[in-house]
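Survey of secondary and tertiary structure
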Amino acid sequence: MEIPTAQYRRHRVGYSVSAIIGFLAAWQGYYWLATGSALAFFGWLFLIIGIVACVGCTWTAIRHSMVLELNQEGVWYKEHTYDWRSLRSYAIRKEVGEGSLFVYLILFFTDGREPLEIQLDWLENSELIPEQMEVYAKQFGVPFDGIERKEV
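Described in the following lines is the structure provided in the data block. (Residues numbered from 1 in each chain as written. Predicted model: local features only at pLDDT ≥ 70, side-chain atom pairs only at ≥ 80, totals over all residues. Heavy atoms only, no water.)

Here we take up the overall build of the protein chain. Broken down by element type, the protein chain carries 3 helices and 8 strands. For the protein chain, the sequential pattern of α-helices and β-strands runs β-α-α-β-β-β-β-β-β-α-β. In terms of C-alpha radius of gyration, the protein chain reaches 22 Å, well past the compact-globule figure of 15 Å for 152 residues. Taking the principal axes of the C-alpha coordinates as reference, the protein chain spans close to 70 × 40 × 30 Å. By the burial criterion, 36% of the 152 residues in the protein chain qualify as buried. Counting only carbon and sulfur atoms, one obtains 59% of the accessible surface of the protein chain, whose full area is about 9700 Å². (Helix = DSSP H or I, 4+ residues; strand = E, 2+ residues; numbered from the N terminus. Rg over C-alpha atoms; globule rule 2.2 N^0.38 Å. Buried < 20%, exposed > 50% of the residue type's maximum accessible area, 1.4 Å probe, protein only. Areas by Shrake-Rupley, 256 points an atom, 1.4 Å probe, with all protein chains shown as cover.)

Now the structure itself:
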């Protein structure tokens, strides 16, 4: 039985805002051109720069939105894939502070390198990650070290 791939994304607000500002600049440039204003040079300038900014920022926001993926090969995180065989175990850490809760997925490796701590709070559907990780870990024989609570 093949387990479906689980992808987790985060919304890139900065790129989205830049894309909207680029669109508005292009619209302002078009307006100056369409009305025959004396600002026709700036109209062309705003139109070209606005379109380039809008398309570029929208494309970058979409391309960089996926941050974490659990698949048959391993855990993909920020352009790196960590093979299931390279994992010794994994754990979940919940840091509780004054009115805040931060959740981390911690991956421990067999080759002795430093554990990888992935903060889950800023990902969409982050509450599903521990459940999906459990399914993949059972499939590939990666033990679970438990949930650690830490007061900060």
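A few words on the pairing of strand β3 (residues 74-77). Pairing of strand β2 (residues 66-70) with β3 involves 3 bridges; the strand directions are antiparallel. In the sheet register, Leu68 faces β3, and the bridge partner there is Tyr77. Between β2 and β3, which pair antiparallel and follow one another directly, the connecting turn spans 3 residues. Hairpin geometry of β3 and strand β4 (residues 80-83) is characterised by an intervening segment of 2 residues between the two adjacent antiparallel strands and by a positive phi of about 50° at Lys78. (Pairing = 2+ DSSP bridges.)

Across all of its chains, the model carries 8 aromatic pairs by this definition. On the numbers, 5.7 Å between centres and 35° between planes, the contact of Trp27 with Tyr30 is tilted. Pair noted here: Trp27 and Tyr30 are both in helix α1 (residues 13-34), with a separation of 3 residues, about one helical turn. Three or more aromatic residues joined by ring pairs make a cluster, and in this case those are Trp84, Tyr136 and Phe140. Arg93 extends its terminal NZ or CZ atom over the ring of Tyr104, reaching a point 4.8 Å from the ring centre. Just above the ring of Phe109 sits the side chain of Arg113; from NZ or CZ to the centre is 4.1 Å. (Phe/Tyr/Trp six-rings, centres within 6.5 Å; stacked < 30°, edge-to-face > 60°. Lys NZ or Arg CZ within 6 Å of the ring centre and 35° of its normal.)

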